[in-house]
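# Secondary and tertiary structure notes
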Amino acid sequence: MNLAVPYHLENFIGGHFIAPLSGQFTDNINPATGQVYGQIPESNDKDIQAAVKAAKKAFPEWSTTPAEKKFEILNRIADLIDQHLDELALAETIDNGKPLWLSKRMDIPRASSNFRFFATAIMHFSNESHAMEDKAVNYTLRQPVGIVGCISPWNLPLYLFTWKIAPALAAGNCVIAKPSEVTPVTAFLLGKICKEAGLPDGVLNIVHGTGPVCGEAIVKHPEIKAISFTGSTRAGERIASVAAPMFKKLSLELGGKNPALIFADCDWEKMMKETVRSSFSNQGQICLCSSRILVEKSVYEKFKHEFVEKVKQLTVGDPLEEKTKQGAVVSQLHFNKVMGCIEKAKEEGGQVLCGGHAVHPEGACSGGYFIQPTVIENLGPACITNQEEIFGPVVTLQPFESEAEALQLANATHYGLAATLWTQDISRAHRISAQLQSGIVWVNCWLVRDLRTPFGGVKNSGVGREGGWEALRFFTEQKNVCIQL
Ligand code: NAD
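Each chain carries its own residue numbering, running from 1 in the direction its sequence is written. Where totals are concerned, whole chains, interfaces and linings use all residues; where local detail is concerned, this predicted model gives features only for residues with pLDDT of at least 70, and gives and counts side-chain atom pairs only at 80 or more. Here the side-chain values reflect all heavy atoms present in the structure, with hydrogen atoms and water set aside.

What follows deals with the overall build of the protein. Across its full length, the protein holds 15 helices and 22 strands. Rg of the C-alpha trace for the protein: 23 Å, near the compact-globule value of 23 Å for 485 residues, within the 12% margin. Taken along its principal axes, the extent of the C-alpha atoms in the protein is 70 × 65 × 40 Å. Out of the 485 residues belonging to the protein, those deemed buried represent 58%. For this analysis, residues touch if any pair of their heavy atoms sits within 4.5 Å. Across the protein, contacts joining residues at least 24 apart in sequence account for 74% of those joining residues at least 6 apart. For the charge count, each Lys or Arg is scored as positive and each Asp or Glu as negative, with His and the chain ends excluded. In this description, the location of a charge corresponds to atom NZ of lysine, CZ of arginine, CG of aspartate or CD of glutamate. If you average the places of the 47 positive and of the 51 negative side-chain charges in the protein, the two averages end up 3 Å apart. Secondary structure elements are defined from DSSP: runs of H or I of at least 4 residues count as helices, runs of E of at least 2 residues count as strands, and each element is numbered from the N terminus. Throughout, the radius of gyration refers to the C-alpha atoms, and the reference size of a globule is 2.2 Å times the residue count to the power 0.38. Buried means the residue's accessible area, taken with a 1.4 Å probe over protein chains only, is under 20% of the maximum for its type, while exposed means over 50%, and partly exposed covers the values in between.

What follows deals with the packing of helix 7 (residues 211–220) against helix 8 (residues 233–243). Axis angle and axis distance: for two packed helices, these are the angle between their axes and the distance between the axes, and together they describe the pair. Axis definition: a line fit to C-alpha positions, over the contact stretch in the case of helices; interaxial angles, taken between N-to-C directions, run 0 to 180 degrees. Direction vectors running N to C along helix 7 and helix 8 enclose 35°, while the axes themselves pass 9 Å from each other. In this structure, helix 7 meets helix 8 at a crossing whose hand is right-handed. Of the residues in helix 8, those touching helix 7 at Glu216, Val219 and Lys220 are Arg238, Ile239, Val242 and Ala243. Per-class residue counts for the contact of helix 7 with helix 8 are 4 nonpolar, no polar and 3 charged. In this scheme the handedness of a crossing depends on how the near helix is turned from the far one: anticlockwise by less than a right angle means left-handed, clockwise means right-handed. Amino acid classes used here: Ala, Val, Leu, Ile, Met, Phe, Trp, Tyr, Cys and Pro are nonpolar; Asp, Glu, Lys and Arg are charged; the rest, including Gly, are polar.

Attention shifts here to helix 9 (residues 268–280). When the terminal C-alpha atoms of helix 9 are compared, their 18 Å separation across 13 residues agrees well with the 18 Å that a helix rising 1.5 Å per residue should span. For helix 9, every residue scored as buried is listed here: Trp268, Met271, Met272, Glu274, Thr275, Val276, Ser278, Ser279 and Phe280. If you follow the buried residues of helix 9, they end up packed against strand 12 (258–262), strand 13 (290–296), helix 10 (297–312), strand 17 (374–377), strand 18 (394–400) and strand 19 (418–422). Backbone geometry just downstream of helix 9 places asparagine 282 in the positive-phi region, at approximately 55°. Each helix should span, by expectation, one fewer than its residue count multiplied by 1.5 Å.

Within a pair of aromatic rings, the relevant descriptors are the distance that separates the centres and the angle that separates the planes. The rule is short: rings of Phe, Tyr and Trp, with Trp giving its six-membered ring, pair when the centres are within 6.5 Å, and they are stacked under 30 degrees, edge-to-face over 60, tilted in between. One pass over the full model with this rule turns up 12 aromatic pairs. Between phenylalanine 303 and phenylalanine 307, the ring centres sit 5.0 Å apart and the planes meet at 20°, which makes this aromatic pair stacked. Residue phenylalanine 303 and its partner phenylalanine 307 are located together in helix 10, separated by 4 residues, close to a single helical turn. Here the two residues phenylalanine 303 and phenylalanine 307 agree in accessibility, since each one is buried. Members of the aromatic cluster, joined through ring pairs, are Trp268, Phe280, Phe303 and Phe307.

Following this line, the structure appears as structure tokens:
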């Protein structure tokens, strides 16, 4: 199989690679160089209509395909992803700007794990039965929803794209999927892999284009019965407003403003190492990254000093080099947004302890979008910097005096995705975990992922849960059958 990336990407509809019906393309830019290196289809409602037609044709057979057969095909997809790790990782890094070692160790292996996990899960997914003594017996069928839409963001391109597609396919649905228009390449390559793996034509259709045109055409299409979306809270709100009156099933995984709560009694070395990682991994562009670091007052100065020293050592530069810890942020637009947030923080009275500037590496990456990892203090919980998601290499530090104050600060935003808690006091860990307004709490660790666990947020961080049975439940409809004895 040839996984070379063509200059013009194409949609994958009904098992064929085809140009967008509009004939229009837009530039694909390598964020590490600022150079155009490809063209992305600008698809619209007509392409989505073609994809729905292909999915409808494929649905009767795929929805009744035995679990063993789906298991085989999804596992073959996982194997092919593994076999092409190097090509996929390079494609992801060029498209996104993240360090190549990160694409190799995290993004692409996780994409194959997603397929392998749901290939196996569907073999164990079972229906419920409720017997009414001598009166009747109920059994609850879980049937595929039908044609479903999967829309994903640019920060973990193939990782999150497959996190939605794998359970949707395993549950017997046909899928219309749209990757972010900012990072479309590995999604395009996935089409090739699925074809090679023997996924029947039309079962997965991958359409490229912008959110407002192509994404919204998916959300609006009356024959697409469920939407699984990961992205910004702003786009999630728009999608909910379109899909809710159509009574579509909705799973919304949205933004975050995640706190890290650090108590003086924590395992200091481990906390320090992991807090640097949780703040700046993937240039801070992971929805689960800590962005508000709350530190017990008695150790605040010690933390600040050591943390800033460690952050200053993170090498920013060419994502292809092994020594690079911080690659480029994803686009010029995002670069401008993050730099604007740093300026805003200064206007609000924030003191920049390190970073705060763009980086201009020498050579091929001189035109890329690089930002120094930035640490800011002296800002209260209500300011914009501590309220709005920045989604870049920027964190703030705030001191707290008591457990109650730590909780108050942690819960003082509209978001509620993930929180990290550092303490050796087991009672405190339980107490605080229960009171954090957050879908996910990591105690003395960060980003330890078990794919069986429910994944998602509360408040403006989303609706619904992904992962394990939750995902298979989302992508199926229940039907209760009651048989009188
Ligand atoms: P985004 O909302 O701009 O775009 C996400 C996807 O939605 C893209 O494919 C985009 O084309 C599409 N889209 C945008 N508007 C749309 C519309 N009106 N209708 C249909 N589709 C539309 O987000 P982004 O900038 O790509 O990603 C960053 C955001 O994603 C951050 O807010 C981050 O926190 C969030 N995120 C959340 C999670 C999570 O699991 N909760 C994971 C990763 C990223």
